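Each chain, letter by letter, is given below.
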Amino acid sequence: MIRKAFSLIVLTALLPTMGCEDEIDHNALKAEEERYFNLYMNANYQDKSPLTSGLYFIEEKEGSGLSPDTGNFVLINYLAYTIPDETVVDTYTEKWAREYNLYNSGVLYGPYKYKHGSEAEGMKEGLSRMKEGGIARLIFKSDLGYGANGLGNIGKYASLMYDIELVKVIRDVEQWELDKINTFLAEHPNAFPIHDDETDVTMYYIPGVAGDSTHVKDGEIVEIFYTGSLLDGRVFDSNIGQKSGFRVTMGEEEVIRGWEIGLKWFRYGGTGQLLIPHQLGYGERGSFAGNTAKTSIPPYETLLFEIEVSKTSVDE
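Heads up: these notes are all about the structure in this document. (Residues numbered from 1 in each chain as written. Predicted model: local features only at pLDDT ≥ 70, side-chain atom pairs only at ≥ 80, totals over all residues. Heavy atoms only, no water.)

## Considering the overall build of the chain
Here is step 1: A count of helical and extended segments in the chain gives five helices and 15 strands.
Here is step 2: Accessible area of the chain: about 15,400 Å², with a carbon and sulfur share of 47%. (Helix = DSSP H or I, 4+ residues; strand = E, 2+ residues; numbered from the N terminus. Areas by Shrake-Rupley, 256 points an atom, 1.4 Å probe, with all protein chains shown as cover.)

## Some thoughts on helix 1 (residues 26–44)
Here is step 1: If you check helix 1, its first and last C-alpha atoms are 27 Å apart, about what 19 residues at 1.5 Å a residue would give, namely 27 Å.
Here is step 2: Taken together, the buried positions of helix 1 are occupied by Leu29, Glu32, Glu33, Phe37, Tyr40 and Met41. Buried residues of helix 1, seen end-on, are gathered within an arc of 155° and therefore sit on one face of the element. Pointing more than 90 degrees away from the buried face of helix 1 are the exposed residues Asn27 and Ala43.
Here is step 3: Along its buried surface, helix 1 packs onto strand 1 (56–61), strand 5 (135–140) and strand 6 (160–170).
Here is step 4: Regarding helix 1, its N-cap is Asp25, as a side-chain oxygen of that residue lies 3.2 Å from the backbone nitrogen of Asn27 further along. (Expected span 1.5 Å × (residues − 1). Buried < 20%, exposed > 50% of the residue type's maximum accessible area, 1.4 Å probe, protein only. Arc of directions from axis to C-beta. Contact = heavy atoms within 4.5 Å. Polar contact = N/O pair within 3.5 Å; in protein donor to acceptor, adjacent residues only side chain to side chain.)

## Here we look at a negative patch on the surface
Here is step 1: Residues Asp172, Glu174, Asp179 and Glu284 make up a contiguous surface patch of negative charge.
Here is step 2: The topology assignment puts Glu174 in helix 4 (residues 173–187).
Here is step 3: Given a relative accessible area of 43%, Glu174 falls into the partly exposed group. (Patch = residues over 30% accessible without salt bridge, like charges linked within 9 Å, V, L, I, M, F, W, Y side chains within 5 Å. Salt bridge = Lys/Arg side-chain N within 4 Å of Asp/Glu carboxyl O. Lys, Arg positive; Asp, Glu negative; His and termini not counted. Charge placed at Lys NZ, Arg CZ, Asp CG, Glu CD.)

## A word on the pairing of strand 7 (residues 192–196)
Here is step 1: Alignment of strand 7 against strand 8 (residues 201–207), held across five bridges, turns out to be antiparallel. In the strand pairing of strand 8, His195 is matched with Thr202.
Here is step 2: Hairpin remark: strand 7 followed by strand 8, antiparallel, with four residues in the connecting loop; positive phi at Asp200, about 60°. (Pairing = 2+ DSSP bridges.)

## Observations concerning the nonpolar core
Here is step 1: Core analysis: the largest hydrophobic core is formed by 30 residues, its most contacted members being Ile224, Trp259, Phe305 and Ile307.
Here is step 2: Among the nonpolar cores identified, the runner-up in size contains 27 residues, and Val74, Ala97, Met123 and Tyr162 belong to it. (Core = buried A, V, L, I, M, F, W, Y, C linked by side-chain atoms within 4.5 Å.)

## A closer look at the pattern of salt bridges
Any two side chains of opposite charge can pair, on the condition that their charged atoms come close.
Here is step 1: Enumeration according to the criterion identifies 15 salt bridges in this entry.
Here is step 2: A salt bridge links Lys30 to Glu33; the nearest nitrogen and oxygen atoms lie 3.3 Å apart. Note that Lys30 and Glu33 are positioned in helix 1 at a spacing of three residues, about one turn of the helix.
Here is step 3: Given a relative accessible area of 25%, Lys30 falls into the partly exposed group.
Here is step 4: Classification of Glu33 as buried rests on a relative accessible area of 3%.
Here is step 5: Two residues, Arg137 and Asp163, come together in a salt bridge whose shortest N-O distance is 2.6 Å. With Arg137 in strand 5 and Asp163 in strand 6, the pair connects residues that are 26 residues apart, well separated along the chain.

## Regarding the packing of aromatic side chains
Here is step 1: The full count for this structure, using the stated rule, is 19 aromatic pairs.
Here is step 2: Ring geometry for Phe140 against Tyr162: centres 5.8 Å apart, planes inclined by 10°, an arrangement best described as stacked. With Phe140 in strand 5 and Tyr162 in strand 6, this residue pair connects regions lying 22 residues apart in the sequence.
Here is step 3: Put simply, the rings of Tyr78, Tyr92, Tyr112, Tyr114, Phe140 and Tyr162 touch in pairs and so form one group of aromatic residues.
Here is step 4: Directly above the ring of Tyr92 sits Lys294, whose terminal nitrogen or CZ lies 3.6 Å from the centroid. (Phe/Tyr/Trp six-rings, centres within 6.5 Å; stacked < 30°, edge-to-face > 60°. Lys NZ or Arg CZ within 6 Å of the ring centre and 35° of its normal.)

Quick look at the structure:
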């Protein structure tokens, strides 16, 4: 996880294909989607009318906070389904992921943080109508979703339904992170600032056990035991309890810049914390779980690492 480095899994059995791409009858697929969508809506939401776009926006709880503008970051909780089968296909809530056999140990569960305006049109329009604290159901056909192309495991002409809670609207994502850093620093007055001249960014070292008299140096191979978390306490990675630590050759840019800089403040056998702003971590994009499009580290996210430099670390 410390190395450099909205997918929905949709079942498409109801949408027939006809062999290779050249043989696909798009009109037939679209007509099939339309028929199933209308049957579903007539059976379940006969009293509801779509917006001009075709989106069904069903508000279950009106919020009282901010509404997101395009370009704002948001935090949301959601459950996504395909229709008409109502199969749950995606979520960032761990309880639901486990319940519906969607759990992935590499995914960071909890409110999903992303840039509003980058999602499918149906979700974008629906979320724009919500306020913080609000809950709504969004139902839309593939022309407001992923259309004839699909996306990853999303099939062609897949109709989707979302249950969404808008937790937070973030007008200025960098200031929001800076505010969290300042809150942390107020609670940890022993945090020592480390300024990186190359990026003009300051990170922080919080000392623990001092260790021996030898500091980590470039060219050495160090063995690290660590736990990485966000400032809200969510753990995204840890190797605590493993027999061997994570080995890093210092100065080879094998890890995020915050580690390259911060580990040199540790002595062998020492412990401490590194508070790493996003510019020295995973940046504006964040990181993703394996070969998925699901978040393991959100964009613009400050990271906190609990670190022990093993006494058995060696120069090889």
